[in-house]
Structure formats: C-alpha cells, structure tokens
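Listed below, chain by chain, are the residues.
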Amino acid sequence: MLTMANGFYVTDNDCMQCCKELGNQRYLLIEAKWLDTCEGDERAKHAESKTDNYTVVGAYMDVSEYSDGEIELAISGFYKDIHEMEKSYGCSVDEMKEIVAECAFENIPDESGHDFVSNVVSWKDAEAIIQDIINAGCLPGHEPHESGDEPDDYPRHNCPDEEHCDIWEKQSCCRLCWHEQFEDLIDDEDFCRDCDPMDI
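Keep in mind that this is a model prediction, so the values were computed, not measured. (Residues numbered from 1 in each chain as written. Predicted model: local features only at pLDDT ≥ 70, side-chain atom pairs only at ≥ 80, totals over all residues. Heavy atoms only, no water.)

**A closer look at the sheet that holds strand β5 (residues 116–117)**
Formally: The rule for pairing is simple: two strands pair if DSSP sees at least two bridges between them. Helix numbering and strand numbering both begin at the N terminus, where a helix is a DSSP run of H or I of at least 4 residues and a strand a DSSP run of E of at least 2. Any pair of residues with heavy atoms lying within 4.5 Å of one another is described as a contacting pair. To define axes, lines are fitted to C-alpha atoms, for helices over the stretch in contact only, and angles between the resulting N-to-C directions are given on a 0 to 180 degree scale.
Ordered by their spatial adjacency, five strands build an open sheet running β1-β2-β3-β4-β5, and the pairing between neighbours is antiparallel. Since the sheet does not close on itself, it has two edges, and those belong to β1 (8–12) and β5, each with one partner. Note: strand β4 (residues 54–62) against β5, two bridges, orientation antiparallel. Bridge pairing in β5 links Gly58 to Phe116. Together, β1, β2 (17–23), β3 (26–34) and β4 form the strand contacts of helix α3 (residues 97–106), whose direction differs from that of β3 by roughly 40°. Contacting β1, β2, β3, β4 and β5, helix α4 (residues 123–136) runs over the sheet at an angle of about 165° to β3.

This is the structure in structure tokens:
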C-alpha cells in the first residue's frame, strides 16, 4: 500500500495513479500501466510473468495556458465536451484543471511522451517504484520543487535556436496536445524548422 508524502495524493487506485500539484496549474502525475503484450519488448526480456507486467510512467503536465480546444482534446476520451464535464462536477472548468491534467496524462499516446518510463516490472515492483518517486518528491533525474515555485526543470525540447524560437516559448508539457499542434507549426516560417517533435 502506497504511503503519501511530499504533496502527493492518490487519484486512481486501480493503476496507483498519484498526483502532486506544483502550483500555477502544473502537476506531476505517475501511474502503473499494464502491458497486454511484451513479446519482442527489449525491456521485458527478464519479465517473470506473461500477465503481471507493468511499466511505471510519469509526466509533468502544464495546463495553465490550455485553450478550450486543447481542453476538449484532453478530455475527449472521458467527456463529450467541456459543458458535460462542468455539469458532471458542478463547477467551471477553471476549477478542474487537475482533472484536465489527469485526462491529458492518460491520453499521452505512447511512452515517448512521458518524462519517465520504467522497465517492465511486476505490480509489486511498480508499487515500489511509485513509492520511491513519492518519497523523492519528483521523477528520477529531476529536482523537487515546492508548490507555487516556478519549476526550472520542466522538460524542454532541444531547439538549437531557442533564443528565437517561438515553440520554445510557447511549448506545453502536454505531449498529446503538443504533438497534435506540431505538424502545423513546423511549416510556419515563424517557427524554427530544426525542432524535433520527439524531443518535446
């Protein structure tokens, strides 16, 4: 059983999803994802079971500047639209940015969009990894920061022209929404053409 610390709280027991609010509508989310197949997966070559296979994923989600369209995209797998979401919770979407962040996190299409991905492990080992993250207060390779502080360790893409690149300034930590936007942006002369979507 997970023990909460460092501002984390459980948001979904079924996948051990936990959230930490970082302030300014930014969140750190982690969970265990069950893998229905591991055949050919290099990380799973030492898996001891054909069914007890999970990977722990985590991401820093920034929903502070989401447009209504981005919110609609993030929640599309869970709610028909913003109105339905607001009706379900009885409050405005501005009061539910954590839910928006959770939806966007769960909609990240593949592991390349996460800031942390573990090897394939058992449920028990996944629990231990998540507990270690909770105890550390941050993902491996990142520094913990207090809620409300402006974090300086959010993932940034590796644009070689970052001083003049509008993508660098506008980038969001929501990989799903950003990947959807990137194809349109990359052809615009106002944006740096050297940016690699996989580095976002």
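**Observations concerning the pairing of β4**
Spelled out, the test is: Categorising residues by exposure relies on relative accessible area from a 1.4 Å probe, with only protein chains included: less than 20% of the type maximum marks a residue as buried, more than 50% marks it as exposed, and the intermediate range marks it as partly exposed.
Burial runs high along β4: nine of the nine residues are buried. Both faces of β4 are covered, namely the face carrying Tyr54, Val56, Gly58, Tyr60 and Asp62 and the face carrying Thr55, Val57, Ala59 and Met61. Examined bridge by bridge, β3 and β4 share nine bridges and lie antiparallel to one another. Paired with Ile30 across the strands is Gly58, a residue of β4.

**Observations concerning the environment of Tyr89**
Checked against the element boundaries, Tyr89 lands in helix α2 (residues 82–89). The class for Tyr89 is partly exposed, based on a relative accessible area of 40%. Once residues within four sequence positions are removed from consideration, Tyr89 is found in contact with Tyr79, Met96 and Ile99.

**Considering the side chain of His142**
Test applied: Here a polar contact is taken to be a pair of N or O atoms separated by no more than 3.5 Å, where protein atoms must pair a possible hydrogen donor with a possible acceptor and residues adjacent in sequence count only if both atoms sit in side chains.
Relative to the helices and strands, His142 is located in the loop between α4 and α5 (166–170). With relative accessibility at 16%, the residue His142 sits in the buried group. Within polar-contact distance, the side chain of His142 engages the backbone oxygen of Pro140 at 3.4 Å.

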